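One letter stands for each residue in the lines below.
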Amino acid sequence: MGGVPKKAEVQNIVASTRLADKLDLDAVVPVLEGAQYDTERFPGLVYRMKKPKTALLLFRTGKVVCTGGKSLDDVREAVEIVAGKLHEAGMPVERHPEITVQNIVAVCDLGSDLNLNNIAISLDMNMEYEPEQFPGLVLRLEDPKIVCLLFGSGKMVLTGAKNTEDLHQATESVREILSRSGLL
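This one's a predicted model, so the numbers in the text were calculated from it and none came from an experiment.

Student: Even after reading the chapter, I still don't get the nonpolar core, so can you show me in this structure?
Tutor: One broad rule of soluble globular proteins: the nonpolar side chains tend to lie buried together. Grouped together as the largest cluster of nonpolar side chains are 52 residues, with contacts concentrated most on Leu 58, Leu 86 and Leu 158. For this core, the leading source of residues is helix H2 (residues 72-88), giving six residues. For Leu 86, the contacting residues outside a window of four places in its chain are Leu 19, Leu 23, Val 28, Val 31, Leu 32, Leu 58, Met 91 and Val 93.

Encoded structure:
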């Protein structure tokens, strides 16, 4: 059942940018078809896109948060589509704003079942394992600073990465630690 583990597969990128010093969200609503803006429920405007499949949260401060992208290209495309629509509507916005990745979530299959009890007992690392509370083992890596959720199925969820290189480094690091300890 073993084999070479696949690379971490990105599931979601959360990134932020600033399109302007301020945005009149009431004026943005008619420009972005299907946008939801209800200040009673949420202080920002929510705009969901089908292609690329993302959701953008626009705030009065001009800040924008993009979620759901599977790649940086998805995030860039979504932000530039919104910036383009607002620009065409005569709003003073940054057309190609700088994008900052806040978090990348990825999954990976380590290729074999894991005995989480043995891992929790055997490794002297920053981890939490309370199976009555949560079925996974939470492993906090320092370099790169990423949180890995390990499951008995051999699946791993990685969160906290700022780039894909860190994801792959974390995946290899966990695989190496577990293999070296005879736990994989």
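Next comes the rest of the write-up.
Student: What exactly am I supposed to notice about unusual backbone geometry here?
Tutor: Glycine aside, residues mostly have negative phi angles, and peptide bonds mostly take the trans form. Backbone torsion omega between Lys 51 and Pro 52 reads -5°, so that peptide bond is classified as cis. The topology assignment puts Pro 52 in the loop between strand E2 (45-49) and strand E3 (54-58). The step from Asp 143 to Pro 144 runs through a cis peptide bond, and the omega angle for that step is 0°. With respect to the helices, strands and loops of the structure, Pro 144 is situated in the loop between strand E7 (137-140) and strand E8 (147-150).

Calculation criteria
Residues numbered from 1 in each chain as written. Predicted model: local features only at pLDDT ≥ 70, side-chain atom pairs only at ≥ 80, totals over all residues. Heavy atoms only, no water. Core = buried A, V, L, I, M, F, W, Y, C linked by side-chain atoms within 4.5 Å. Buried < 20%, exposed > 50% of the residue type's maximum accessible area, 1.4 Å probe, protein only. Helix = DSSP H or I, 4+ residues; strand = E, 2+ residues; numbered from the N terminus. Contact = heavy atoms within 4.5 Å.

Geometric descriptors of this kind do not, in isolation, establish any biological role.
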